[in-house]
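Analysis of the macromolecular model
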Amino acid sequence: MSHDVGAVERRRILSRTKSVTIVGASNNPARPSFFVATYLLSSSKYQVDFVNPRLDELLGQPVYPSLADVPGEVDLVSVFRKHDDLPGVAEEVVKAGARTLWLQLGLWHEAVADQAKEAGLDVVMNRCVKIEHARFAGGLHLAGFNTGVISSRRQSAP
């Protein structure tokens, strides 16, 4: 079964999302998770939480050792981990009661997607939550960067 979620569905997921938890958040500015963390904190309405057992703090926010340690409701979980770690991460995501498992650009795992869907989660694979949010918020240039161009068009934020 294919798990490629269309743009309409991704927009629906991002519109209803209240919090994003980044699993595998990094304090290395060269890592994609750092870009995504910076963007979500500055340009989205989401409560943003981070999970990485090797960090205590990132961008002025606490970092939790596991998903189970994140306070409050876990909604969308954006995963930045290597392919072989995904089945274990998916189990944690299901146990945490998340609504969406979002595998970052470059990550695709059909068995993990099936496992999460069977548990009732929405699943997005091989997509960047930053790029998708910016696409729907109107701040995305073709290269995936905000051009800084100010438009008179009314923005419909997700």
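- As annotated in an unreviewed UniProt entry, the protein carries the name CoA-binding protein and is attributed to Amycolatopsis regifaucium.

**Overview of the overall build of the protein**
- Of regular secondary structure, the protein possesses 5 helices and 7 strands.
- Ordered by position in the sequence, the α and β elements of the protein form the string α-β-α-β-β-β-β-α-β-α-β-α.
- The buried share among the 158 residues of the protein stands at 45%.
- Sequence separation of 24 or more characterises 58% of the internal contacts of the protein that already satisfy a separation of 6 or more.
- Counting only carbon and sulfur atoms, one obtains 53% of the accessible surface of the protein, whose full area is about 8,400 Å².

**Quick look at helix H5 (residues 129-137)**
- Across the 9 residues of H5, 7 count as buried, placing the element largely inside the fold.
- Those residues of H5 not exposed but buried are Val129, Lys130, Glu132, His133, Ala134, Phe136 and Ala137.
- In this fold, the buried residues of H5 make contact with helix H1 (7-16), helix H2 (32-43), strand S5 (76-79) and strand S6 (100-103).
- Gly138 lies just past H5 and shows a positive phi near 90°.

**Quick notes on the environment of Pro62**
- Mapped onto the elements of the fold, Pro62 is located in strand S4 (residues 61-64).
- C-alpha of Pro62 to C-alpha of Phe50: the two residues are 12 residues apart in sequence and 7.2 Å apart in space.
- Beyond its immediate chain neighbours, meaning those up to four positions away, Pro62 contacts Phe50 and Asp56.

What counts as what
Residues numbered from 1 in each chain as written. Predicted model: local features only at pLDDT ≥ 70, side-chain atom pairs only at ≥ 80, totals over all residues. Heavy atoms only, no water. Helix = DSSP H or I, 4+ residues; strand = E, 2+ residues; numbered from the N terminus. Buried < 20%, exposed > 50% of the residue type's maximum accessible area, 1.4 Å probe, protein only. Contact = heavy atoms within 4.5 Å. Areas by Shrake-Rupley, 256 points an atom, 1.4 Å probe, with all protein chains shown as cover.

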